[in-house]
Amino acid sequence: MHTLNYTLIVVGIGSALLGIISGALGTYAVLRRQSLLGDAISHAALPGIALAFLLTGSKTPLILVFGAAMAGWVGTLLILSIVKLTRIKYDSALGLVLSTFFGFGLVLHTLIQRNGNANQAGLDTFLFGQAASLLERDVLTIGILGGIALLIMSLFWKELKLLVFDEGFATSIGLPVRALDILLTSLLTVAIVLGLQAVGAVLMSAMLVAPAVAARQWTDRLGHMVLIAALFGAIAGVSGTVLSSSASRLPTGPTIVLCATLFVGFSFALAPNRGLVWHWVRHRRDKEHLKLAASRSVKEIWKRKELTRLQSTPTDKYISKK
Amino acid sequence: MTNEINEIKAIEVTDLTVAYQEKPVLWDIDLDVPPGVLLAIVGPNGAGKTTLIKAILGLVRPAAGRVLIYDKPYPLQRRIVGYVPQRGSVDWDFPTNVLDVVMMGRYGSLGWFRRPGKAERELAMNALEKVGMQAYADRQISQLSGGQQQRVFLARALVQDATVYLMDEPFQGVDATTERAIVALLQELRAKGKTVVVVHHALQTVTDYFDWVMLLNIRRIASGPVEEMFTPDNLRQTYGGRVAFMKN
Amino acid sequence: MSQLIAIVVAVACALPGVFLVLRRMTLMSDAISHAILPGIVLAFFLTESLSSPLLILAAAGTGVLTVVLVELLQRTKLVKEDAAMGLTFPALFSIGVILISRFAGNVHLDMDAVLLGELAYAHLNRLEMFGIDLGPVSLYVMGTILVLNLVFILLFYKELKLATFDASLAASLGFAPALIHYGLMTLVSITTVGAFDAVGSILVVALIAGPPATAYLITDSLARMLILSAILGSLNAVSGYWLAHLFDVSIAGAIATTTLLMFGITFLVVPRRGVIAIARRRHRQKLEFAQTMLVIHLLNHEGLPEAEQESQVSHLQEHLRWEPPFAAQIVRYALENRCVSQKNGQLALTERGRGIAREALVH
């Protein structure tokens with residue numbers, strides 16, 4: 001029988017923290033329609049990690065995280081300048097950077113392997129994450145960096161909200177939108193690079209997108225959406241980790257992602273107002289109303305029509321014709 | 001030649017030229033707007049109307065020329081300028097409610113890090129009342145009709161408590177009731193001595209709604225009081241003779 | 001032999017890639033290449049072979065299913081397109097990974113092969129018939145897929161072209177853009193499955209997006225873009241292959257790297273659309289543009305009472321907001337081009353200058 005041992009607690013806290021960070025910051029990615037930017041940044045991180053290791057020879061999380069973040073950043077910058085300078089569209093630029101950066105990372109990785117000071121496990125961890133291997137110092141890194149990211153997010157709360165909702169208006173009242181844009185992308189990069197350790201590069205985008213999309217169905221307020229997404233992310237992180245550690249050969253990353261996807265399915269179906277079940281019920285009710293209306297006397301309907309026509313007559317001269 | 005008789009101008013645009021990439025969109029524009037007028041910018045599609053507003057607001061960088069608001073460059077006068085962007089420029093499925101959007105109008109004067117509080121709430125509610133939307137304060141913005149969305153944007157500009165207002169097509173796709181409400185509001189603003197510049201599409205309402213007009217098609221064709229400048233001749237120049245226009 | 005396989009894979013990917021790039025659907029190939037994993041795994045359990053036709057069909061079916069799923073999700077209006085994609089393929093991919101690791105002991109299908117491919121071993125699996133070695137299986141598989149792609153594109157060239165550039169016109173002409181759309185998606189799915197044996201599911205995207213994006217910088221014609229993409233794809237494959245040999249690194253990774261390099265170099269130096277060309281053109285245009293501004297400014301005030309003041313060189317600095325050196329440069333440029341003439345600090349338009357100003361105002 002499993003008892004709640006120390007390792008599992010550390011791992012649990014770690015994946016909960018990661019879920020919170022990626023859930024909260026993923027909200028902005030989803031609202032800005034940049035869901036797949038996370039995919040690009042996470043794949044582009046590989047050469048950064050490999051280079052950081054090649055240059056320093058160190059496996060300290062902080063150094064690798066830094067390398068990953070830098071590479072993620074360069075990738076994002078390249079995507080933006082391709083879109084800005086050429087007629088190549090966002091999707092192609094993103095796909096190109098994502099796959100070729102990853103390929104370059106793979107080349108660097110085989111170089112490292114050939115020199116014999118790394119093992120294959122390193123790449124597997126990068127690809128699929130390994131929440132079970134999180135150590136106390138990793139959790140500390142995640143807690144501090146993620147905490148800073150979330151603190152910055154809440155400090156610039158109203159500015160970031162306005163940036164995402166209405167960039168033009170934000171500029172007109174003097175907000176430095178370019179700088180805020182860079183700030184937000186940097187926060188997203190931090191969330192992604194930290195999350196790589198738990199779910200890996202291939203599935204990181206799901207950790208940003210799924211909790212946020214699920215949360216969107218339950219609320220119409222940004223603040224609540226961020227909180228709910230963080231909560232969903234945390235629950236998905238913990239339950240995925242616990243599940244995968246209790247069954248043999250159940251990889252963590254995919255399990256976490258499937259847990260998060262379950263939240264989405266559940267929310268799509270059942271969330272009040274937006275949920276599909278709710279929609280269906282309302283549709284039924286509307287149909288009933290329609291039947292009711294049809295059975296009303298024709299005369300009454302005519303009377304109403306007359307009334308609305310009379311009301312609208314004086315406005316006719318204001319109606320502009322193009 | 002001197003023009004030292006220094007009349008105060010609400011907006012003064014001098015030799016303004018704007019180009020996107022390589023294509024010029026505004027050529028050598030001069031425009032003086034005295035305080036307290038209701039000005040319509042009219043011109044065909046692609047005439048640069050929106051660009052002119054954006055250039056005044058510093059949202060696009062001009063290739064040449066300058067803009068002054070009450071004799072000072074825009075960055076110094078942000079607090080006295082209110083902006084109503086095109087309704088279609090934002091995602092109305094954004095998770096927020098009406099009151100919250102209106103309070104965004106206070107962000108400029110709030111400054112960094114401070115959150116809107118009770119005072120901002122009250123201002124926002126007042127503005128919503130003025131546009132007849134106070135009952136919708138808690139409504140999610142995706143549930144609004146086009147006209148209601150436009151009123152929310154107007155309310156947001158109202159809480160900016162500006163002296164000069166720039167509005168990009170506030171009548172676009174709104175119902176007749178909203179159009180009347182907006183016109184009444186604009187005229188109330190003018191009565192208070194505010195200057196309002198509106199990008200406008202419907203030529204037949206220009207004389208009814210506005211007292212000043214600017215005819216624009218890449219370059220300025222004419223600008224001044226409606227009765228002097230809104231002539232068939234100027235219109236023909238602006239629209240290239242394609243418009244059969246009857247002055248009523 | 002691996003080299004030949006690499007070329008065939010690269011060309012087979014680049015051809016449908018052209019249409020994905022033009023139709024802004026590149027990321028669909030990323031989604032498909034990940035989402036087909038469960039289909040591959042399930043079919044692999046049945047056939048125990050990575051190159052059986054059944055497996056390719058099953059996986060291609062999963063690919064098309066992914067496309068449909070993304071479109072259905074979008075249609076609920078609960079999510080936008082990007083998020084719909086970002087939800088669908090990781091979920092399907094996760095199912096595939098879990099299937100593989102649950103049954104990894106029983107089958108010879110490991111994750112690295114799926115994600116990264118290994119071109120170096122692609123030729124080890126040989127096709128034998130009547131005891132005669134006919135060459136690597138993957139060459140036959142990819143060769144068939146390449147032919148399939150070629151036939152589809154040649155047969156439906158006109159339809160593809162129209163559906164890509166004007167879907168509504170295509171529909172009104174009765175070309176059924178939906179049919180073309182799903183046909184293309186099926187092709188992309190089949191190609192991805194076939195290619196991923198060699199290069200893995202992530203690098204497939206490099207082969208699909210890289211050469212067409214590079215070719216798009218070079219040419220305007222669809223036919224030329226197709227041919228150029230095929231050539232660039234082969235070039236990338238061959239040079240990547242040799243690079244991998246030279247440094248003893250992953251072949252697929254090296255091909256992706258050469259794809260990036262090829263794009264990067266084109267991005268910088270290609271005439272007209274390259275970064276360098278753009279910078280040079282901007283500089284020249286800045287001068288020309290400023291000159292036109294100058295002549296228009298002079299024309300606008302010509303013959304008016306304020307003309308005397310407005311045509312002062314010193315006035316330009318103030319009103320056009322030009323720095324004095326820039327104003328001097330433009331005046332020099334305009335004088336050289338004989339657009340203006342100068343008399344004691346006053347600028348006057350020449351006939352030529354007036355013509356330029358009028359022409360600029362007309363368009």
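Residues numbered from 1 in each chain as written. Chains lettered and ligands numbered in written order. Predicted model: local features only at pLDDT ≥ 70, side-chain atom pairs only at ≥ 80, totals over all residues. Heavy atoms only, no water.

## Overview of the overall build of chain A
Then, in step 1: A count of helical and extended segments in chain A gives 14 helices and 0 strands.
Then, in step 2: Walking chain A from its N terminus toward its C terminus, one meets helices and strands in the order α-α-α-α-α-α-α-α-α-α-α-α-α-α.
Then, in step 3: When burial is assessed residue by residue, chain A has 53% of its 322 residues classed as buried.
Then, in step 4: Within chain A, contacts between residues at least 6 apart in sequence are counted, and of these 71% link residues at least 24 apart.
Then, in step 5: Total accessible area on chain A stands at roughly 14,500 Å², and carbon and sulfur atoms take up 68% of it. (Helix = DSSP H or I, 4+ residues; strand = E, 2+ residues; numbered from the N terminus. Buried < 20%, exposed > 50% of the residue type's maximum accessible area, 1.4 Å probe, protein only. Contact = heavy atoms within 4.5 Å. Areas by Shrake-Rupley, 256 points an atom, 1.4 Å probe, with all protein chains shown as cover.)

## Focus on the overall build of chain B
Then, in step 1: Tallying secondary structure elements over chain B gives 10 helices and 10 strands in all.
Then, in step 2: Over its C-alpha atoms chain B spans a radius of gyration of 18 Å, differing by no more than 12% from the 18 Å that the globule rule assigns to 248 residues.
Then, in step 3: In terms of its C-alpha atoms, chain B occupies a principal-axis envelope of roughly 55 × 40 × 40 Å.
Then, in step 4: Looking at chain B as a whole, 56% of its 248 residues are labelled buried. (Rg over C-alpha atoms; globule rule 2.2 N^0.38 Å.)

## Re the interface of chain A and chain C
Often the size quoted for an interface is simply the accessible area lost on bringing the parts together.
Then, in step 1: On the side of chain C, 60 residues touch chain A, which itself brings 58 residues to the contact.
Then, in step 2: Buried surface at the junction of chain A and chain C, summed over both partners, amounts to about 5,000 Å²; 73% is from carbon and sulfur atoms.
Then, in step 3: Summed over the shared surface of chain A and chain C, the number is 1 salt bridge.
Then, in step 4: Of the charged contacts in the structure, one is a salt bridge between Asp220(C) and Arg87(A), with a shortest N-O distance of 2.9 Å.
Then, in step 5: Counting only elements with at least two residues in the side of chain A that touches chain C, the list comes to helix H2 (37-56), helix H3 (61-85), helix H4 (90-114), helix H5 (120-128), helix H10 (204-216) and helix H12 (252-270) of chain A.
Then, in step 6: For the side of chain A that touches chain C, the element with the highest residue contribution is H4(A), accounting for 17 residues.
Then, in step 7: Each residue belonging to the side of chain A that touches chain C can be placed in one class, and the counts come to 32 nonpolar, 17 polar and 9 charged. (Buried area = accessible area lost by both parts, 1.4 Å probe. Salt bridge = Lys/Arg side-chain N within 4 Å of Asp/Glu carboxyl O. Nonpolar A, V, L, I, M, F, W, Y, C, P; charged D, E, K, R; others polar.)

## Re the nonpolar core
As a rule of thumb, nonpolar side chains are buried together in soluble globular proteins.
Then, in step 1: Ile11(B) and Leu52(B) are the most contacted members of the largest nonpolar core, which has 276 residues in total.
Then, in step 2: Residue contributions to this core peak at 21 residues, all from helix H11 (residues 177-218) of chain C.
Then, in step 3: Filtering out sequence-adjacent residues up to four positions away, Ile11(B) remains in contact with Leu31(B), Asp32(B), Val33(B), Ile56(B), Leu68(B), Ile69(B), Val164(B), Leu166(B) and Val197(B).
Then, in step 4: In this structure, Ala290(C), Val313(C), Leu316(C) and Ala327(C) belong to the second largest nonpolar core, which totals 28 residues. (Core = buried A, V, L, I, M, F, W, Y, C linked by side-chain atoms within 4.5 Å.)

## Re the sheet that holds strand E5 (residues 72-73) of chain B
Residues and elements named next belong to chain B.
Then, in step 1: Taken together, the 4 strands give an open sheet; going across it, the order is E2-E1-E4-E5, and neighbouring strands pair in antiparallel fashion. Each edge of the sheet is formed by a strand with only one pairing partner; in this case those strands are strand E2 (23-33) and E5.
Then, in step 2: Taken together, the 7 bridges between strand E1 (residues 11-20) and E2 define a ladder with antiparallel strand orientation. Note on E2: the bridge partner recorded for Val18 is Leu26. (Pairing = 2+ DSSP bridges.)

## Quick word on the environment of Ser92(A)
Then, in step 1: Tracing the chain through its elements places Ser92(A) in helix H4.
Then, in step 2: Classification of Ser92(A) by relative accessible area gives buried; the value is 1%.
Then, in step 3: As for Ser92(A) and Ile63(A), which are separated by 29 residues in sequence, their C-alpha atoms are 31 Å apart.
Then, in step 4: Those residues in contact with Ser92(A), other than ones at most four positions away along the chain, are Val21(C), Thr26(C) and Ala209(C).

## Some thoughts on the interface of chain A and chain B
Then, in step 1: Contact residues are listed per partner, giving 34 residues for chain A and 41 residues for chain B.
Then, in step 2: Summing both partners gives a buried area of about 3,400 Å² for chain A against chain B, and 63% of it is carried by carbon and sulfur.
Then, in step 3: Here chain A and chain B share 5 salt bridges between them.
Then, in step 4: Viewed at the interface, chain B and chain A are joined by 9 residue pairs in polar contact (both at pLDDT 80 or more). (Polar contact = N/O pair within 3.5 Å; in protein donor to acceptor, adjacent residues only side chain to side chain.)

## Structural notes on the packing of aromatic side chains
Then, in step 1: Tallied over the full model, the rule gives 13 aromatic pairs over all chains.
Then, in step 2: Here the aromatic rings of Phe156(A) and Trp112(B) are separated by 5.7 Å at their centres, their planes lie at 85 degrees, and the arrangement is edge-to-face. Taken together, the residues span two chains, with Phe156(A) in the loop between helix H6 (136-155) and helix H7 (157-165) and Trp112(B) in the loop between helix H4 (107-110) and helix H5 (118-130).
Then, in step 3: Following the ring pairs from residue to residue traces out a cluster consisting of Phe165(A), Trp92(B), Phe94(B) and Phe153(B).
Then, in step 4: Between Lys158(A) and the ring centre of Tyr107(B), over which it is positioned, the NZ or CZ distance is 5.7 Å.
Then, in step 5: Looking at Arg156(B), its charged tip hangs above the ring of Phe153(B), at a distance of 4.3 Å from the centre. (Phe/Tyr/Trp six-rings, centres within 6.5 Å; stacked < 30°, edge-to-face > 60°. Lys NZ or Arg CZ within 6 Å of the ring centre and 35° of its normal.)

## Comments concerning the confidence of the model for chain A
Residue and element names in this part refer to chain A.
Then, in step 1: Summary statistics for chain A give a mean pLDDT of 83 and a share of 87% for residues scoring 70 or more.
Then, in step 2: No element of chain A has a lower mean pLDDT than helix H14 (residues 298-312), at 52, and none a higher one than H7, at 93.
Then, in step 3: Contacts for the low-pLDDT stretch residues 309-322, under 50 throughout, to residues beyond four places or in other chains number 12 contacts. (pLDDT = per-residue confidence, 0-100.)

## So, empty space enclosed by the protein
Then, in step 1: Summed over all chains, the structure comprises 5 cavities of 30 Å³ or more.
Then, in step 2: A volume near 130 Å³ is recorded for the largest cavity.
Then, in step 3: Every residue lining the largest cavity is counted, 13 residues in all, and those nearest its centre are Val30(A), Arg216(A), Asp93(B), Leu78(C) and Lys80(C).
Then, in step 4: For the lining of the largest cavity, the secondary-structure elements that each account for two or more residues are helix H1 (6-31) and H10 of chain A.
Then, in step 5: The class makeup of the residues in the lining of the largest cavity is 7 nonpolar, no polar and 6 charged. (1 Å grid on protein atoms, 1.4 Å probe; cavity = no way out; pocket = protein on both sides within 12 Å on 5 of 7 lines; lining within 4 Å. Points joined across faces, edges and corners; volume = space filled by probe spheres on them.)

## Observations regarding the pattern of salt bridges
Then, in step 1: Scanning the model with the defined rule gives 19 salt bridges over all chains in all.
Then, in step 2: With its nearest N and O atoms 2.9 Å apart, the salt bridge here joins Asp211(B) to Arg190(B). Separated by 21 residues along the polypeptide, Asp211(B) in the loop between helix H8 (206-209) and strand E9 (212-217) and Arg190(B) in helix H7 (residues 176-191) bring together distant segments of the chain.
Then, in step 3: The partner of Glu351(C) in a salt bridge is Arg354(C), with the nearest N and O atoms 2.6 Å apart. On the criterion of helical spacing, the pair formed by Glu351(C) and Arg354(C) is a turn pair, its members being 3 residues apart in helix H18 (residues 351-362).
Then, in step 4: According to the relative accessible area criterion, Glu351(C) is exposed, its value standing at 58%.
Then, in step 5: Each of Arg33(A), Arg216(A), Asp220(A), Asp91(B), Asp93(B) and Lys80(C) takes part in a single network of salt bridges with overlapping partners.

## Looking at unusual backbone geometry
Then, in step 1: The backbone phi angle of Ile218(B) is positive, close to 65 degrees, even though this residue is not glycine.
Then, in step 2: Turning to its location among the elements, Ile218(B) is positioned in the loop between E9 and strand E10 (219-225).
Then, in step 3: Its relative accessible area of 14% is what places Ile218(B) among the buried residues.
Then, in step 4: One non-glycine residue, Asp248(C), lies in the positive phi region at around 55 degrees.
Then, in step 5: Mapped onto the fold, Asp248(C) is located in the loop between helix H12 (222-247) and helix H13 (251-269).

## Looking at the sheet that holds E10(B)
Residue and element names in this part refer to chain B.
Then, in step 1: One open sheet holds the 6 strands; their spatial order is E6-E7-E8-E3-E9-E10, and the pairing between them is mixed. Among the strands making up the open sheet, the edge pair consists of strand E6 (81-84) and E10. Ignoring strand direction, the axes of neighbouring strands in this sheet form an average angle of 15 degrees.
Then, in step 2: Contacts between helix H6 (residues 146-159) and the sheet are confined to E6 and strand E7 (164-168), with E6 contributing the most and set at about 170 degrees to the helix. (Axes fitted to C-alpha atoms, helices over the stretch in contact; angles between N-to-C directions.)

## Let's talk about the pairing of E10(B)
Residue and element names in this part refer to chain B.
Then, in step 1: When you tally the buried positions in E10, you get 5 out of 7 residues, the bulk of the element.
Then, in step 2: The pairing of E9 with E10 spans 6 bridges and is antiparallel. By the bridge assignment, Met214 is partnered in E10 with Ser223.

## Overview of the pairing of strand E3 (residues 38-42) of chain B
Residue and element names in this part refer to chain B.
Then, in step 1: Of all 5 residues in E3, 5 are buried, a share of seventy percent or more.
Then, in step 2: Along E3, one buried face is formed by Leu38, Ala40 and Val42 and the opposite face, lined by Leu39 and Ile41, is buried too.
Then, in step 3: Bridge count for E3 against strand E8 (residues 195-199) is 4 bridges, and the pairing is parallel. Counted as the bridge partner of Leu39 is Val197 from E8.
Then, in step 4: Pairing of E3 with E9 involves 4 bridges; the strand directions are parallel. Of the residues in E9, the one forming a bridge with Ile41 is Met214.

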